[in-house]
Amino acid sequence: MINALKNRIVELAAATREAEASADAAAQQDLLEDLERHVEELEARGGKVPDCALPLVRPDGDGEVEDQFDNMPI
């Protein structure tokens, strides 16, 4: 199941980039929402999100890592 999710995420990431290149905003938004749902499901199952999808669903990925350290005692 995890491999199937990863494959679908890769397909959706490619389709999202194609929609962006063709300036089809409606299709891009639909694909991005579908991609986000699949990424969340994969993470819930303990899988690692493919690198090609991370910039699409988490453009500020470094911010999440930094947020982990905001509440650490000094």
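Above this text you will find the structure in question.
Residues numbered from 1 in each chain as written. Predicted model: local features only at pLDDT ≥ 70, side-chain atom pairs only at ≥ 80, totals over all residues. Heavy atoms only, no water.

Colleague: How should I be thinking about the overall build of the chain in this particular structure?
Modeller: If you tally the helices and strands in the chain, you get four helices and zero strands. The helix and strand sequence of the chain, counted from the amino end, reads α-α-α-α. Taking all 74 residues of the chain together, 26% fall into the buried category. If you take every contact in the chain between residues at least 6 apart in sequence, the share linking residues at least 24 apart comes to 54%. (Helix = DSSP H or I, 4+ residues; strand = E, 2+ residues; numbered from the N terminus. Buried < 20%, exposed > 50% of the residue type's maximum accessible area, 1.4 Å probe, protein only. Contact = heavy atoms within 4.5 Å.)

Colleague: What is the right way to read the side chain of Thr16 from this model?
Modeller: Inspection of the secondary structure assignment puts Thr16 in helix α1 (residues 2–21). Taking the relative accessible area as the measure of exposure, Thr16 reaches 1% and is therefore buried. In contact with Thr16, not counting residues within four places along its chain, are Gln28, Leu31, Leu32, Leu35 and Leu56.

Colleague: So what exactly am I meant to see when it comes to the pattern of salt bridges here?
Modeller: Think of it this way: side chains of opposite charge can pair up when their charged atoms draw near. On inspection of all chains with the given rule, the structure shows six salt bridges. As a salt-bridge pair, Glu11 and Arg8 come within 3.3 Å of each other at their nearest N and O atoms. Here Glu11 pairs with Arg8, and both are found in helix α1, just three residues apart, close to one helical turn. With relative accessibility at 46%, the residue Glu11 sits in the partly exposed group. Through salt bridges with shared partners, a single ionic network connects Arg8, Glu11, Asp34 and Arg37. (Salt bridge = Lys/Arg side-chain N within 4 Å of Asp/Glu carboxyl O.)

Colleague: What exactly am I supposed to notice about the packing of α1 against helix α2 (residues 25–44) here?
Modeller: At a closest axis distance of 9 Å, the pairing of α1 and α2 adopts a crossing angle of 160°. With respect to α2, the axis of α1 lies roughly antiparallel. The two elements α1 and α2 cross, and the hand of that crossing is left-handed. Counting all contacts with α1, which are made through Ile2, Leu5, Lys6, Arg8, Ile9, Leu12, Ala13, Ala15, Thr16, Ala19 and Glu20, the residues of α2 involved are Ala27, Gln28, Leu31, Leu32, Asp34, Leu35, His38, Val39, Glu41 and Leu42. Its residues assigned to classes, the contact of α1 with α2 shows 13 nonpolar, three polar and five charged. (Axes fitted to C-alpha atoms, helices over the stretch in contact; angles between N-to-C directions. Parallel < 35°, antiparallel > 145°, perpendicular 65-115°, else oblique. Left-handed = near helix turned anticlockwise from the far one by under 90°. Nonpolar A, V, L, I, M, F, W, Y, C, P; charged D, E, K, R; others polar.)

Remember, this is a structural readout, not a statement about activity or role.
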